[in-house]
Amino acid sequence: MDVTPDLLGAFPLLKPLPNELLTELAVMCTAEKFSRRGIVIDPEASADSICFLFEGRLQGVDFTIDGREVGLFFVEPGDFCGEIVLFDEISQTNYVIALSQSLVVKVPRSKLKSIMLEFPSIMNTLGNKLASRVRYLTYQRALLAIPNIQQRVCCQLWMLCKDSRHDAQPGPEAEIANPPTHLEIANMLSISRESVTRVFQTLQNRQIVKRNGPSSLIITHPNKLKALAEDSNGSGDT
C-alpha cells in the first residue's frame with residue numbers, strides 16, 4: 001500500500017499540515033501490515049520512526065522480571081505511538097503489539113521532529129498526548145496497589161467509561177466501544193483472566209454492565225460502577 005498525502009491527512013495530528021508538506025512527507029513514509037501479536041515497536045530496535053495506526057488495534061505492553069505480560073495502553077485507529085523519541089532521541093520505553101490485523105504508517109522520526117519544531121500546533125498536540133499517557137500510566141500503576149480485585153476491575157472499567165464519555169460525571173448509560181477482552185484487562189491489572197470473568201459475572205447479575213455484541217460494552221448504571229470503583233469493600237453502597 002502506497003502512502004499518499006490524503007492518507008497522511010486522515011490522521012488528526014497531521015491534518016493541519018499544508019498539502020505540499022504532506023506530499024513531501026508521504027514519499028518518506030512506509031505502510032506495514034501486522035498480524036495479531038505482531039511486534040510493531042520493539043524497544044531493543046532502533047527508534048527511527050513514529051507509528052500511526054490506520055486500521056486495527058494496538059497495545060503497549062511491558063514484561064515483569066518473571067516474564068509476565070503487563071498491558072499498558074491501547075492505540076486506536078487515527079492515533080499514534082512511539083512519540084517519546086521525538087523528545088529525548090534515546091529509545092522506545094515499551095513494546096507495542098497488534099491486537100488484531102493492523103495497518104501501520106511509519107513516519108520518519110527526524111522529519112516529524114523538524115515538523116513539530118516548525119508548527120507549534122503539532123508540538124502542542126504531541127506534548128498533550130505525551131502528558132496524557134504519563135497520567136494514564138501513573139493511574140494504571142496506582143490500580144495495581146488496590147488489594148480488592150473487584151474494585152480494581154471496576155476502577156479500570158470506570159476509567160474506560162470516562163474516556164468514552166469525555167467527562168468524569170456519572171449519568172445515563174455509556175458505551176465502551178471495542179472494549180478490551182477479559183485477558184487484556186487481566187494483563188493490565190496483573191490478575192488472572194478468571195478473576196476478571198468473575199467480576200464481570202457479578203456486574204452483569206447486578207445489571208451494571210451488558211454486552212451489545214462483541215465490539216460494544218454498555219455501562220447501564222455508570223453511577224453504580226463508580227461507587228464500586230470507590231468502595232474497597234465491594235458493596236457499592238452510596
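Residues numbered from 1 in each chain as written. Predicted model: local features only at pLDDT ≥ 70, side-chain atom pairs only at ≥ 80, totals over all residues. Heavy atoms only, no water.

Another aspect to go through is the pattern of salt bridges. Counted according to the given criterion, the structure contains nine salt bridges. A salt bridge links E24 to K111; its shortest N-O distance comes to 2.8 Å. One end of the pair, E24, is in helix α2 (residues 19-26); the other, K111, is in helix α4 (residues 109-118), and 87 residues separate them in sequence. Using a relative accessible area of 38% as the deciding quantity, one classes E24 as partly exposed. Each of the salt bridges in this network shares a partner with another, and the network as a whole consists of R57, E76 and E184. (Salt bridge = Lys/Arg side-chain N within 4 Å of Asp/Glu carboxyl O. Helix = DSSP H or I, 4+ residues; strand = E, 2+ residues; numbered from the N terminus. Buried < 20%, exposed > 50% of the residue type's maximum accessible area, 1.4 Å probe, protein only.)

With antiparallel pairing, three strands are arranged side by side in an open sheet as β9-β11-β10. Edge positions in the sheet fall to β9 (174-177) and β10 (209-211), since each has one partner strand and no second. Between one strand axis and the next, the sheet turns by 25° as a mean value, whatever way the strands run. Of the pairings in the sheet, the one linking β10 to strand β11 (residues 216-219) comprises three bridges and is antiparallel in character. Residue V209 lies in a different strand from β11, and its bridge partner there is I219. (Pairing = 2+ DSSP bridges. Axes fitted to C-alpha atoms, helices over the stretch in contact; angles between N-to-C directions.)

A separate point is the pairing of strand β3 (residues 49-55). β3 sits mainly inside the fold: five of its seven residues count as buried. Pairing analysis gives six bridges linking β3 to strand β8 (residues 102-108), with the strands arranged antiparallel. Across the sheet, the residue bridging to C51 is K106, located in β8. The sheet contact formed by β3 and strand β6 (residues 80-81) spans two bridges and is antiparallel. Its bridge partner being in β6, C51 is matched across the sheet by C81.

On to the sheet that holds β3. Read across the open sheet, the four strands follow the order β1-β8-β3-β6; overall the sheet is antiparallel. Because the sheet does not close on itself, it has two edges, and the strands there are β1 (30-34) and β6.

The next subject is helix α5 (residues 120-143). The first and last C-alpha atoms of α5 sit 35 Å apart over 24 residues, in line with the 34 Å expected at 1.5 Å per residue. Buried residues of α5: I122, L126, R133, Y136, Q140 and L143, and no others. (Expected span 1.5 Å × (residues − 1).)

Let us now look at the side chain of R57. Among the structural elements, R57 can be located in the loop between β3 and β4 (58-63). Side chain to side chain, R57 and E76 meet in a polar contact 2.8 Å long. Ignoring any residue separated from it by four or fewer positions in sequence, one finds R57 in contact with F74, V75, E76, I97, A98, L99, S100, S102, N178, P179, P180 and E184. (Polar contact = N/O pair within 3.5 Å; in protein donor to acceptor, adjacent residues only side chain to side chain. Contact = heavy atoms within 4.5 Å.)

The topology assignment puts G82 in the loop between β6 and α3 (85-88). Residues G82 and D48 lie 34 residues apart in sequence; the distance between their C-alpha atoms is 9.7 Å. Apart from residues lying up to four places away in sequence, G82 is in contact with I41, I50 and Q92.

Its identity is not glycine, yet R37 carries a phi of approximately 75°, on the positive side. For R37, a relative accessible area of 41% translates into the label partly exposed. Positive phi outside glycine occurs at S190, with the angle close to 60°. Counting through the fold element by element, S190 comes out in the loop between α7 (182-189) and α8 (193-205).

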